[in-house]
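An overview of the molecular structure
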Amino acid sequence: IPHRTDESTWQELVARVAPRTGLVEVPVVECANGSFMRDSTAMIEWFEQHYRAGSVLPDDPASAFYCRLLEDYADEGLWRPALYFRWAFDKDAELYSRRFTEDFLSYPLTPAAVLRLTVRDRQRRVYLRGEGITPENRADIERHYTDELEDLEAILGHRPFLFGSRPSLADFGYFASMFRHFGIDPTPSRIMRNTAPAVYEWVARMWNARAGRLGSLAWDSGVDGLPDGIEPLLARAARRYLPSLHANAQAVAGRRSHYSVTLDGKPYPGLRAVPFQAWRRSVLQRELTR
């Protein structure tokens, strides 16, 4: 699909993207007619409908549902540990506050050191305290990541992608955090290299994947649409993501701005209610009935 990739600055997002999407966030896609699409899951679903070559959804309906569920879990459910590792450790936080201010945000009249400190404090407030991370559940967040690596390693050590010989929607959901966060940030990257080399290799394989080279390689539908080794990932999604997805939907329906939830026996208080995630829950419910 012909396209051009642009790396936006904060000022460009505020001036050009936010008025059209309502959010100062990436990724976004600007179409040829000037319209904008936001959120990676919704964009992938749109491309899946309009460009069938290089499909990322298995043909088997059961496999397609499992694929959608895992993508949603990986995209949204791994967001908390990804941001935790980036901002909870001083080495990672210092690196990314510097990158953030040098590559993305600039205020000429503000000293660079002050700007980096301001960014670090803001990110920790939003992405640590705002994500319900407390001293009591920090170890639970770290275990979430290492357990995920262990189960992914068992799968990707035996086949190139989660649902067979070609990338699926679920692979792209995992790739979001495994590439942009866990595979690059100093602390989680070291953990991945040392404990899950097949996952680290898969990150590069995903980055290098091209539909023109992969062609129509087969999906692995397994038994009842469930490829071998996927069960532990689904079990974790059921424990660590679906309760939060449900509580968020209840909060949105009740017009509450925040909610709290318990995941694997650990409380996560003061989470922000997100209407888009409530919509994603309705999409999964619809797909489950097909």
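It should be noted that the structure appears before, not after, this text.
Presented here is an overview of the structure given in this document. Given the structure is predicted, the values throughout are model-derived calculations rather than measurements.

Helix and strand content of the chain: 14 helices and 4 strands. Taken over the C-alpha trace, the chain has a radius of gyration of 19 Å; the compact-globule value for 290 residues is 19 Å, and the two agree within 12%. Considered along the principal axes of its C-alpha atoms, the chain spans approximately 60 × 50 × 45 Å. Scored against the burial criterion, the 290 residues of the chain give a buried share of 45%. Counted over contacts in the chain with a minimum sequence separation of 6, partners at least 24 positions apart contribute 66%. About 15,300 Å² of surface is accessible on the chain, with carbon and sulfur atoms providing 54% of the total.

Turning to the pattern of salt bridges, a few remarks are in order. In total, this model carries 19 salt bridges according to the counting rule given. Across the salt bridge formed by R240 and D264, the nearest N and O atoms sit 3.1 Å from each other. Linking R240 in helix 12 (residues 231-240) with D264 in the loop between strand 3 (258-263) and strand 4 (266-272), this pair joins segments that are 24 residues apart in sequence.

Here we come to helix 5 (residues 90-104). A turn of α-helix holds 3.6 residues, and therefore any two residues three or four places apart point the same way. Here helix 5 is 15 residues long and its end C-alpha atoms lie 20 Å apart, about the 21 Å a rise of 1.5 Å per residue gives. Turning to helix 5, its buried residues number three or more, namely D92, A93, Y96, S97, T101 and F104. Axial view of helix 5: buried residues confined to an arc of 145°, hence all on one face. Seen from the buried face of helix 5, the exposed residues on the opposite side, beyond 90 degrees, are K91, E102 and D103. Packed against the buried residues of helix 5 are helix 1 (10-21), helix 4 (79-87), helix 6 (112-127) and helix 9 (186-195).

Glancing now at unusual backbone geometry. The phi angle of most residues is negative, glycine excepted, and most peptide bonds adopt the trans form. For the peptide bond that leads from V26 to P27, omega is 10°, which places it in the cis range. Of note, P27 is situated in the loop between helix 1 and strand 1 (28-30). The backbone phi angle of R255 is positive, close to 55°, even though this residue is not glycine.

With that settled, the discussion passes to the pairing of strand 4. Here 5 bridges tie strand 3 to strand 4, and the two strands are oriented antiparallel to one another. Residue pairing for strand 4: Y259 is matched across the bridge by L271. Counting the residues in the hairpin turn of strand 3 and strand 4 gives 2 residues, including D264, whose phi is positive at 50°.

Calculation notes
Residues numbered from 1 in each chain as written. Predicted model: local features only at pLDDT ≥ 70, side-chain atom pairs only at ≥ 80, totals over all residues. Heavy atoms only, no water. Helix = DSSP H or I, 4+ residues; strand = E, 2+ residues; numbered from the N terminus. Rg over C-alpha atoms; globule rule 2.2 N^0.38 Å. Buried < 20%, exposed > 50% of the residue type's maximum accessible area, 1.4 Å probe, protein only. Contact = heavy atoms within 4.5 Å. Areas by Shrake-Rupley, 256 points an atom, 1.4 Å probe, with all protein chains shown as cover. Salt bridge = Lys/Arg side-chain N within 4 Å of Asp/Glu carboxyl O. Expected span 1.5 Å × (residues − 1). Arc of directions from axis to C-beta. Pairing = 2+ DSSP bridges.

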